[in-house]
Amino acid sequence: MQPNYNFVLRLTEKHIVLEDIDPVTFYGVGNVHLQMLRSLYPKLRVVARDNVIRVLGDEEQMAAFEETAEKIRQHVLQFNALKDEDILDIVKGKQRNEVPDDVVCYSMSGRAIKARTKNQQRLIEAYKENDMVFAVGPAGTGKTYLSIALAVKALKEKSAKKIILSRPAVEAGEKLGFLPGDMKDKIDPYLQPLYDALEDMLPQVKLQDMMEKHVIQIAPLAFMRGRTLSDAVVILDEAQNTTPAQIRMFLTRMGWNTKMIITGDMTQIDLPAKAKSGLIEALHILNKVEGIGIVNLDRSDIVRHKLVTKIVNAYEEYDKEVKEVKEDKDI
């Protein structure tokens, strides 16, 4: 009589959630990265939908796949990019783990965000050495973009629990009139440059989630009154358009384990003619206070289109001529 053998095939099923990253970067265009993973783990059935990967198959390969997937997730979180060779290096245990010292973080296209001029590097160093930094310079010098990159880096490294971005809601030389919608609709146009920078550094879905959970907060300056801002990187943009009372209120919101960056452009003051810029007054009062760094950027730091430099130069020459004519008339 032949023995009766009963074979039981044991399959394991796991769900892997891709948190904090853009799933499209993980999967690759046309799921090319996912196809590579399937070929590397042939005993597994891998199905992906949104940010969840469903894996079914051999228990031993399952454990290896989970470890690889987590390393790939960490790589994408760090570098915002993924190539076929990166996956192979991770599988072989040769992946790069550390961001180079001169890189603040990576954009959504995988581009390294770092200082491109000496004064931009001074801004990064001032941020490391001080709890409060003033970054002052003309348009295009990267002061806002670099400040937000430093804040995103702090959030990723968990040295800060939240990012708070603020601007005074001042119209740039024109009256916009009545703006339709709720409060968010009315203030968003003033804050759009901050959204643009964040969208270049964080996945859209993750950015939306962080804003809904108030991990990232964007608000006009008027909303800062009465708050104490702790465990955060706080950025005040366009500070040249604050009044002395406004900037004083803002600077005194600083709480424990908080860093503040205040940016401004003295050539683009949009306050009423007789109003005094709070940024000018603050720089005069605080320039010798220990723990506060002041970085002045100039036209040599402009990193936009080359025409921006020429435009800034032309206006500076014009302002100089107007000033000389006025001084001659006064004499």
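Above this text you will find the structure in question.
Notes on the structure in this doc start here. (Residues numbered from 1 in each chain as written. Predicted model: local features only at pLDDT ≥ 70, side-chain atom pairs only at ≥ 80, totals over all residues. Heavy atoms only, no water.)

1. Remarks on helix α3 (residues 59–79)
Step number 1: The end-to-end C-alpha distance of α3 is 30 Å, a good match for the 30 Å that 21 residues give at a rise of 1.5 Å each.
Step number 2: Buried within α3 we find Gln 61, Met 62, Phe 65, Thr 68, Ala 69, Ile 72, Arg 73, His 75, Val 76 and Phe 79. Angular distribution of buried residues about the axis of α3 spans 160°; they occupy a single face of the element. Turned more than 90 degrees from where α3 packs its buried face, Glu 59 and Glu 60 sit exposed.
Step number 3: Sitting at the head of α3, Asp 58 places a side-chain oxygen 3.1 Å from the backbone nitrogen of Glu 60.
Step number 4: One or two positions beyond α3, positive phi appears at Asn 80, with a value near 55°. (Helix = DSSP H or I, 4+ residues; strand = E, 2+ residues; numbered from the N terminus. Expected span 1.5 Å × (residues − 1). Buried < 20%, exposed > 50% of the residue type's maximum accessible area, 1.4 Å probe, protein only. Arc of directions from axis to C-beta. Polar contact = N/O pair within 3.5 Å; in protein donor to acceptor, adjacent residues only side chain to side chain.)

2. Regarding the sheet that holds strand β1 (residues 12–17)
Step number 1: Read from one edge of the open sheet, three strands run β1-β3-β2, paired in antiparallel fashion. Each end of this open sheet is capped by a strand with a single partner; those strands are β1 and β2 (44–49). On average, each strand axis in the sheet is inclined to that of its neighbour by 15°, with strand direction left out of account.
Step number 2: As paired strands, β2 and strand β3 (residues 52–57) are joined by six bridges and run antiparallel to one another. Bridging from a neighbouring strand, Ala 48 pairs with Ile 53 of β3.
Step number 3: In this fold α3 packs onto β1, β2 and β3, with an angle of close to 5° to the strand it touches most, β1. (Pairing = 2+ DSSP bridges. Axes fitted to C-alpha atoms, helices over the stretch in contact; angles between N-to-C directions. Contact = heavy atoms within 4.5 Å.)

3. So, the sheet that holds strand β9 (residues 232–236)
Step number 1: Across the sheet, which stays open at both edges, the six strands sit in the order β8-β7-β9-β10-β6-β11 with parallel pairing between neighbours. The strands lining the two open edges of the sheet, one partner per strand, are β8 (216–220) and β11 (292–296). Taking the axes of each pair of neighbouring strands and ignoring which way they run, one obtains an average angle of 15° across the sheet.
Step number 2: Pairing geometry for strand β7 (residues 162–167) and β8, over five bridges, is parallel. Its bridge partner being in β8, Ile 163 is matched across the sheet by Ile 216.
Step number 3: Docked against the sheet, helix α5 (residues 118–129) engages β6 (132–136), β9, β10 (259–264) and β11, running at close to 175° with respect to β11.
Step number 4: Against the sheet, helix α10 (residues 278–286) engages β6, β10 and β11, with an angle of about 125° to β6.

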